[in-house]
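A closer look at the structure
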There are 2 protein chains.
Amino acid sequence: MADELARLLWGPQARPRRGPKPALSLDGIARAGIEVADAEGLAALSMQRVAELLGKTKMSLYRYVPGKAELVALMTDRAVEDPPDLTGGDWRTDLTAWSAALFRAFAQHPWLLETTVGARLMGPRELSWVERALAALDGKGLTGGERLDAVVLLTSHVRGIAQQSRASGTEAEARLVAALAGVLREHGDDYPATLAAMTAPTEERDQALTFGVERILDGLEALIARRAGS
Amino acid sequence: MADELARLLWGPQARPRRGPKPALSLDGIARAGIEVADAEGLAALSMQRVAELLGKTKMSLYRYVPGKAELVALMTDRAVEDPPDLTGGDWRTDLTAWSAALFRAFAQHPWLLETTVGARLMGPRELSWVERALAALDGKGLTGGERLDAVVLLTSHVRGIAQQSRASGTEAEARLVAALAGVLREHGDDYPATLAAMTAPTEERDQALTFGVERILDGLEALIARRAGS
DNA sequence: TCAAAACTGTGTCCGTCGGACGCTGTTTGT
DNA sequence: ACAAACAGCGTCCGACGGACACAGTTTTGA
């Protein structure tokens, strides 16, 4: 099971030596899946849908991929672009750029928000993102666990903001805002702080990503300084 | 649609004046759903499953709830306990306690991680969590948008840690760790920082929640101090 | 008093989904 | 030449969310 997935994500794709030449390939299947998910969302992704995009029947896909979960894992690692280079040197600018790039990745393929959740076996590309972020924190006096925690913290924030800005601009969001406004109009007395925060001028928006990144980096910098000082 | 959900979550549950007395209730249905999701996970939650727990047929549920999505929304708001009181006074201790309580909520009902994702209409209880956190940030010189961003930031972190500690201890995690170890044994040279961070002594664990909360609060404190100083 | 209105519970049916299984045909090594 | 290994496909299954119509029940108003 997990072995199978590890082989698919990390192992070599050796062509079998006997039998008919495969008409499809893992790459092609993954690309087709990405195309469907990009265009119609992850909910619309089905074996049937992917297969007909490739001009094959649904069952033929199972010759390449054990199941849908593995296909999604494959799509996920293929869809992520390579992480930015981060040759800046300053860890703050590095991690800021890293966060922005990660946000862009989520914006380009919103369904990644659903597929990169929870404990899972990461593929080469996904792991390379973690690697870059961890590397930026090297030699700052943090323990291994702290470095991992810091990267998870940054990732969670970017995920959260990407999630929040996902429905942004859609008609579904408009209906939601209207419904929330109606609720607050009626029960606003029970939620004074919420009402106050929401009726404040919208001002920024899109600043949410920067705001969180700066707070996190400020917090990390304080810790690093404390470690260096003692 | 959204109106329907708003009425279910926020509106009064007036008994219709004519017709047979309903054998079920929104509360009972939600409780049954929570029971299923707690015991077998959200994936095992089906109308059929809930109905047979109540001794009714699946279609009878649709007399109370328009669809599965609304049932899940209802379950979500019913499953969350009330937020802690936070009469402490100090905003840092308040938000620390708030984060810990939120983490406990996710630990008690792990499926909340799946249902409280993305833009959605929150129910009374869920919104009261937001209210408490926003109230703790009142009068600190932050704008409304910044207060909202700060709460989202904290929430994202707690979510991330809860997600990560979800599979903790299961046999699935053991297989995953083994698979990752195998991958790093083979490709570790390409991921030196990851290898270094992971082979470091496990030391803490369970400290991840505290670590992130402290970093975030440190970052917020720095901003607040800056605002107060100028 | 009684029938219409409003409502609940249920059985049936449909389309979609992931996936198991077995058959047919093709390529390659011996 | 023949068997092993493999690709593609058709068929079937169970589970799911949900539409719809029908029967039974309670209340309201004429």
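Whatever comes next refers back to the structure up there.
Owing to the predicted nature of the structure, the values given are computational and were not obtained by experimental measurement.

Here we look at the interface of chain A and chain B
- On the side of chain B, 58 residues touch chain A, which itself brings 58 residues to the contact.
- Between chain A and chain B, the buried area comes to about 5,000 Å², and carbon and sulfur atoms account for 70% of it.
- Linking chain A to chain B there are two salt bridges.
- Taken together, the connections running from chain A to chain B amount to eight residue pairs in polar contact (both at pLDDT 80 or more).
- At the level of elements, helix H7 (124-136), helix H8 (144-164), helix H9 (171-187), helix H10 (192-199) and helix H11 (207-229) of chain A are the ones that each hand at least two residues to the side of chain A that touches chain B.
- No other element matches H8 of chain A, which puts 14 residues into the side of chain A that touches chain B.
- When its residues are assigned to classes, the side of chain A that touches chain B shows 31 nonpolar, 15 polar and 12 charged.

Notes on the protein's contact with DNA strand C
- Within the structure, DNA strand C sits among 26 residues, and Lys-68 of chain A together with Pro-20, Ala-23, Arg-63 and Tyr-64 of chain B are positioned closest to it.
- Near-protein atoms of DNA strand C (within 4 Å) split between backbone and bases, with sugar and phosphate holding 52%.
- Ala-23 of chain B is positioned with one of its backbone polar atoms (N or O) 2.6 Å from a phosphate oxygen of DNA strand C.
- One of the side-chain N or O atoms of Arg-63 of chain B is found 2.5 Å from a base oxygen in DNA strand C.

Observations regarding the protein's contact with DNA strand D
- As a structural note, the neighbourhood of DNA strand D is formed by 26 residues, with Ala-23, Arg-63 and Tyr-64 of chain A together with Lys-58 and Lys-68 of chain B the closest of them.
- The contact atoms of DNA strand D, taken as those within 4 Å of the protein, divide so that sugar and phosphate hold 54%.
- Within the side chain of Arg-63 of chain A, a nitrogen or oxygen atom sits 2.4 Å from a base oxygen of DNA strand D.
- Between Met-47 of chain B and DNA strand D, the recorded distance is 3.1 Å, taken from a backbone N or O atom to a phosphate oxygen.
- Across the surface near DNA strand D, the residue classes break down as 12 nonpolar, six polar and eight charged.

A word on the packing of aromatic side chains
- A full pass over the atoms with the stated rule returns four aromatic pairs over all chains.
- Where Trp-10 of chain A meets Tyr-191 of chain B, the ring centres are 5.8 Å apart and the plane angle is 75°; that geometry is what we call edge-to-face. Residue Trp-10 of chain A is found in helix H1 (residues 2-10), and its partner Tyr-191 of chain B is found in the loop between helix H9 (171-187) and helix H10 (192-199); the two belong to separate chains. The pair formed by Trp-10 of chain A and Tyr-191 of chain B is uniform in burial state, with each residue classed as buried.
- We note Arg-215 of chain A situated over the ring of Phe-211 of chain A; from NZ or CZ to the ring centre the distance is 4.8 Å.

Conventions we followed
Residues numbered from 1 in each chain as written. Chains lettered and ligands numbered in written order. Predicted model: local features only at pLDDT ≥ 70, side-chain atom pairs only at ≥ 80, totals over all residues. Heavy atoms only, no water. Contact = heavy atoms within 4.5 Å. Buried area = accessible area lost by both parts, 1.4 Å probe. Salt bridge = Lys/Arg side-chain N within 4 Å of Asp/Glu carboxyl O. Polar contact = N/O pair within 3.5 Å; in protein donor to acceptor, adjacent residues only side chain to side chain. Helix = DSSP H or I, 4+ residues; strand = E, 2+ residues; numbered from the N terminus. Nonpolar A, V, L, I, M, F, W, Y, C, P; charged D, E, K, R; others polar. Near = heavy atom within 4 Å. Phe/Tyr/Trp six-rings, centres within 6.5 Å; stacked < 30°, edge-to-face > 60°. Buried < 20%, exposed > 50% of the residue type's maximum accessible area, 1.4 Å probe, protein only. Lys NZ or Arg CZ within 6 Å of the ring centre and 35° of its normal.

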